[in-house]
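# Structural description and commentary
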Amino acid sequence: MAYQLLNQNPTLFVVTMIEKANILIVDDEMGPRESLKMILKPYFNVYTAERGGQAIEILGQARIDLVTLDLKMPGLPGTKVLEKIKERDPDIEAIIITGYGSMDTAIEGLRLGAFDYISKPFDVNHILALVRRALERRNARVKLKQIKTEFLANVSHELRTPLSVVIGFVSILLDQLIGKLTAEQQKALEKVYKNSGELLELVDNVLCLTSLSSGDLPLFEREFDVGLMVKEAAERYQKSLAEKGIAFSIQAPAGGIRVVSDLPKVSRIFQNLLHNAIKFTAKGQVSVKMHRSVNRGVVDLEIVDTGIGIHRDKIEGMFQPFQQMDGSMQREFSGMGLGLTVARRLTDFLGGTLEIRSLPDIGTHVLLSIPYRVAAQKDGASDPRYQSRAS
Amino acid sequence: MTAKKKILVVEDNEDNREIFVFRLQQLGFEVLVAANGKEAIETASQTKPDLIFMDLRMPVMDGWEATKALRQTEWGKDLPVVAVTAHALEEDKRKALNAGCNDFIPKPVDYALIRSAIQKLVRS
């Protein structure tokens, strides 16, 4: 039925398939605001705002695709409004409406990421053409982002599936569920196990960094216990701790620390830090301490080791995020860069801080502070920050 | 001695399925298997398992859809479903919780996590 309709009347098909774009007109003067509304109304869903503050409010409520913006307004200046729009979603297109040929503000608008500008009084066909071209750019960008996300999901799946089979069977062998192992067999399999685990971690870190760089990493908040997270992460390193003969301790408040934050990300940060602490400690101990600071609204996680440490001058360098996937990344891979870079970037993403104090041959003290919310809502789905991205 | 608890493993990758079966049998459970969401619903409706481990990305019918469908049935609306995801991507997990999964564990499946999920969700 739908197919027949498509053949007989292609225009109708197009009209019903493509959702009308939402356009927000921001102008303090009624004349231009209303005339623009008249022009756009037949083709788009139109919202209007008289002030910048009101425009920001509407952006929080409706999924706006494009904004036309008068830069000369009382109250919040137009350039500030544009900044806020781009901060909220860089893919929202903006067309600057200028009066009296004020080129300097129009150019400032372009610098801030506006699609184009048009002077008052404007030509109907000119403004419609501009709006359509801007919307085309937005659609192409949104589409590209979707493709990227889908591609990452597939790569992740394809890389992790065979690896998880390897790790799964090796651990079954190691637990001697299929048969007894000789000491040599056990040793060889432990190496397979350890290295495939490292490969898995590397894959996860690369994927995490890629989605951070592409800017489409969603925030995923839920309630969890920090102590439990630490314990579960530490369990993964039991074998290497035992092998090296390093003492390991966790100090946590008796009642646990329940917080609302992004568990997978906090856990990845912690795991990367713990991984480094263990990797660079040959003897002595690694200890983890945690406590909640109600005043600062953060959870502090301290990881202290008695490892090789690092010279003060080199600490900042370890965090240098690589700007692009070029040859310099290879050095980071084999060294300690990737895990720390991911830790730092994820910490920034969550609005936390990561401090490292270290003395060569004495050890390293890492302090991770992650902001948390108090458990009020049930899960991350109701988080407004999330919804604005998911829609 | 009470009857063995039944656990349904839904996973399209045969090798991963085998690992799961090994681990669960070792823990003393009766294990049922399904290769996709559609098979899972058929098997679950007949056998009424005590818990389902549900892979998410599967052919025919994926784990999200299967869980949603399960939640529409009288017998399946309270059945514990633990999503098993091979993804580092969190979008999948959020979708899993929204579809009605009680919890999720990452692949490669960790023996300790399987055990604690079962302890949490299945009444002994």
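Bear in mind the structure is a predicted one, so any value in this text is a computation, not a measurement.

## Some remarks on the overall build of chain B
What chain B contains, in helices and strands, is 5 helices and 5 strands. Expressed as a percentage of the 124 residues in chain B, the buried residues total 44%. Long-range contacts, defined as pairs at least 24 residues apart, comprise 58% of the intrachain contacts of chain B with a sequence gap of at least 6.

## Some points on the overall build of chain A
The secondary structure content of chain A amounts to 15 helices and 12 strands. Split into buried and exposed, the 391 residues of chain A put 30% on the buried side. The contacts in chain A between residues at least 6 apart in sequence include a share of 67% that link residues at least 24 apart.

## Details of the pairing of strand β6 (residues 222–225) of chain A
Residue and element names in this part refer to chain A. Here β6 shows one buried face, formed by Arg222 and Phe224, and one open face, formed by Glu223 and Asp225. Judged from the 4 bridges that link them, β6 and strand β8 (residues 258–261) form a sheet pairing that is antiparallel. Looking at the pairing, Glu223 lines up with Val260 of β8.

## Overview of the pairing of strand β1 (residues 6–10) of chain B
Residue and element names in this part refer to chain B. Within β1, 4 of the 5 residues are buried, which leaves it mostly tucked inside the rest of the structure. As defined by bridge partners, β1 adjoins strand β2 (residues 30–34) across 5 bridges and the pair is classed as parallel. Residue pairing in the sheet places Leu8 in a bridge with Leu32 of β2. The handedness of the β1 to β2 crossover, carried by helix α1 (residues 14–26), is right-handed. As defined by bridge partners, β1 adjoins strand β3 (residues 51–55) across 4 bridges and the pair is classed as parallel. Its bridge partner being in β3, Ile7 is matched across the sheet by Leu51.

## Considerations on the packing of helix α7 (residues 124–174) of chain A against helix α8 (residues 183–213) of chain A
All names here are of chain A. As a packed pair, α7 and α8 sit with axes 9 Å apart at the nearest point and diverge in direction by 160°. When the axes of α7 and α8 are compared, the pair comes out roughly antiparallel. Every pair of crossing elements has a handedness; the one defined by α7 and α8 is left-handed. Between α7 and α8, the residues in contact are Leu152, Ser156, Leu159, Arg160, Leu163, Val166, Ile167, Val170, Ser171, Leu173 and Leu174 and Leu189, Glu190, Val192, Tyr193, Ser196, Gly197, Leu199, Leu200, Val203, Leu207, Thr210 and Ser211, respectively.

## Overview of helix α5 (residues 111–121) of chain B
All names here are of chain B. Burial in α5 covers these residues: Ile114, Ala117 and Ile118. Seen along its axis, α5 keeps its buried residues to an arc of 95°; they face one direction. For α5, the exposed residues lying more than 90 degrees away from the buried face are Gln119 and Lys120. On the buried face of α5, the contacting elements are α1, β3, β4 (81–85) and β5 (103–106).

## Things to note about the confidence of the model for chain B
Mean pLDDT over chain B stands at 86; residues scoring 70 or higher make up 93%. Interface predicted TM-score (ipTM) for the complex: 0.81; the corresponding pTM is 0.64.

## Some details on the nonpolar core
Residue and element names in this part refer to chain A. If you look at the biggest cluster of nonpolar residues, it comprises 38 residues, and the most contacted ones within it are Met229, Phe270, Leu273 and Val299. For this core, the elements supplying multiple residues, two or more each, are α8, α9 (226–235), α11 (263–279), β9 (285–293), β10 (298–305), α14 (337–349), β11 (353–359) and β12 (363–371). Per-element accounting of this core gives the leading share, 7 residues, to α11. Filtering out sequence-adjacent residues up to four positions away, Phe270 remains in contact with Met229, Val230, Ala233 and Leu301.

Reading the values: the criteria
- Residues numbered from 1 in each chain as written.
- Chains lettered and ligands numbered in written order.
- Predicted model: local features only at pLDDT ≥ 70, side-chain atom pairs only at ≥ 80, totals over all residues.
- Helix = DSSP H or I, 4+ residues; strand = E, 2+ residues; numbered from the N terminus.
- Buried ≥ 20, exposed ≤ 12 C-beta atoms within 10 Å, placed from the backbone.
- Contact = placed C-beta atoms within 7 Å.
- Pairing = 2+ DSSP bridges.
- Right-handed = clockwise from strand over helix to strand, strands pointing away.
- Axes fitted to C-alpha atoms, helices over the stretch in contact; angles between N-to-C directions.
- Parallel < 35°, antiparallel > 145°, perpendicular 65-115°, else oblique.
- Left-handed = near helix turned anticlockwise from the far one by under 90°.
- Arc of directions from axis to C-beta.
- pLDDT = per-residue confidence, 0-100.
- Core = buried A, V, L, I, M, F, W, Y, C linked by C-beta atoms within 7 Å.

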